[in-house]
2 protein chains.
Amino acid sequence: MSLEQASEIQRRMYDFIVNYMKSEGMPPTNREIGRELNIASTGHVDYHLTMLEKKGLISRQAKKSRGIKLTKQTQDGIPVMGKIAAGEPLDIFEGATESVDVGQNFTDTENTYALVVRGRSMIEDHICDGDYVVIKKQATCRDGDIVVAVHMQEGVSGSATLKRFFQEKDHDRVRLQPANSELDPIMIPKTIWDREWQIQGKVVAIFRQCITAA
Amino acid sequence: MSLEQASEIQRRMYDFIVNYMKSEGMPPTNREIGRELNIASTGHVDYHLTMLEKKGLISRQAKKSRGIKLTKQTQDGIPVMGKIAAGEPLDIFEGATESVDVGQNFTDTENTYALVVRGRSMIEDHICDGDYVVIKKQATCRDGDIVVAVHMQEGVSGSATLKRFFQEKDHDRVRLQPANSELDPIMIPKTIWDREWQIQGKVVAIFRQCITAA
DNA sequence: CAAAAACTAGAACGACTATTCCAAATGATC
DNA sequence: GATCATTTGGAATAGTCGTTCTAGTTTTTG
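Residues numbered from 1 in each chain as written. Chains lettered and ligands numbered in written order. Predicted model: local features only at pLDDT ≥ 70, side-chain atom pairs only at ≥ 80, totals over all residues. Heavy atoms only, no water.

Turning our attention to the protein's contact with DNA strand C. In the vicinity of DNA strand C lie 22 residues, with Ser7 of chain A together with Asn30, Arg31, Thr42 and Arg60 of chain B positioned nearest. In DNA strand C, the atoms that sit within 4 Å of the protein are 55% sugar and phosphate, with bases accounting for the remainder. The backbone of Lys63 of chain B places a nitrogen or oxygen atom 3.2 Å from a phosphate oxygen of DNA strand C. In the model, a phosphate oxygen of DNA strand C is placed 2.9 Å from a nitrogen or oxygen of the Arg66 of chain B main chain. Secondary structure elements with two or more residues in the surface near DNA strand C: helix 1 (8–24) and helix 3 (42–54) of chain A together with helix 2 (30–37) and helix 3 (42–54) of chain B. If one sorts the elements of the surface near DNA strand C by residue count, helix 3 of chain A sits on top with 4 residues. Of the residues in the surface near DNA strand C, the class split is 5 nonpolar, 11 polar and 6 charged. (Near = heavy atom within 4 Å. Polar contact = N/O pair within 3.5 Å; in protein donor to acceptor, adjacent residues only side chain to side chain. Helix = DSSP H or I, 4+ residues; strand = E, 2+ residues; numbered from the N terminus. Nonpolar A, V, L, I, M, F, W, Y, C, P; charged D, E, K, R; others polar.)

The structure is reproduced here in structure tokens:
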């Protein structure tokens, strides 16, 4: 919640605080905030900070210089946009409800997100049920890449599937290959491919959290 | 370098700054440092901060409150202590040369480290050559846990191996089971186990970075 | 329209902060 | 013993900081 019910200037203020903390390693002062957002009065800044605090986005330590803390500390994680499988395409991109912290390996947060793998369709590539796959958004890919392919059907929101991508030039079609010998590949003629399918991105990393009950 | 050539009080000061930043999210003021280290004079604190800066451990922004930055960026990653395999035990713990950033999922940095997996000995558990395994240090484990087991031979530094741990009570021995049907388990009588073997820790996560040439 | 909420500016206060200067111990080196 | 770097205390200064106050405008809401 919260971020949506903040006004435009409060959102800009919050963004500035986040960026300042990331680059400077400390929260900004009220005056630094005002200078950045062209706010002439420190009291004015204080007012909006109080609002942000009331909305639960930050917390403040009274009287302390730079006494701002972020309550939502998931700054570093990348959003988990949904679940994905190969056998039965699932809807994704309903908005991130979760996030997974994979550190600073993937800094391009604009173009990186994660999905939770469902099923055993990529098991022979050692991608298991429950694994997080880190996806880098891109519209093109190379033969053999593990990609998120979206099937856009008329009227229906696209359903996504995780598969290896192969371009079979001699047959002029695309093969989406699961990594499970019990499952069949999807063969798509190039003409239909261009019209109905779209590469959303490719897998750049896999993260598996082992259940550890002790 | 640098940290070694700092005096005891400067080391304590540096530690306090690191801990303060970790818990408070901002650097401490000179006065807060003095209060913590029982230094009566702010000028005194300033003197030691100047020394720390000269030795390259911190950098300072003149006149700014809390204007301290750590130059050695707080290794957010966890140290990669070496390589490990099941087939041919490898020496580890030669000191970390590398580190991998797995985010804030594992905050107990004192008791967590990573290893690079070599070989296909755990392939049926979907742990591949090149994967990072995140290890949580602990001396005991449960049946079925994937553990780092160290064989301590006389005179030789211990060699480590990654396997699943099983305690076979009826035979009074320990089985270290690779996840590769081509490889045989290691069976160790309980008496020898207690004397020559040691559990270093268990796998809590797996991180795989896919080669992405575009 | 009227009332309420949100937003903006300016000024001022007291506390906090980094820095500097002075003076004096302590410990090591030669 | 003399010299030097290191370590400590006290005081003072100029500026920064969070906060509060008054007073006005704009926007939203009923």
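What follows covers the UniProt feature "DNA-binding region" (unreviewed entry) in chain A. In the numbering used here, UniProt assigns the "DNA-binding region" (unreviewed entry) feature to residues 30–50 of chain A. With 76% helix and 0% strand, the stretch residues 30–50 of chain A has end C-alpha atoms that lie 11 Å from each other. (UniProt positions renumbered as here; feature names shortened; annotations may be inferred.)

Turning our eyes to something else, we now look at the protein's contact with DNA strand D. Lining the immediate environment of DNA strand D, one finds 23 residues, of which Asn30, Thr42, Arg60 and Arg66 of chain A together with Ser7 of chain B sit closest. A share of 58% of the atoms of DNA strand D within 4 Å of the protein falls on sugar and phosphate groups. Residue Arg31 of chain A places a side-chain N or O atom 3.1 Å away from a base oxygen belonging to DNA strand D. Contacts to DNA strand D include Gln10 of chain B, whose side-chain N or O atom sits 3.0 Å from a phosphate oxygen. Looking at the surface near DNA strand D, the elements with two or more residues in it are helix 2 (30–36) and helix 3 of chain A together with helix 1 (8–24) and helix 3 of chain B.

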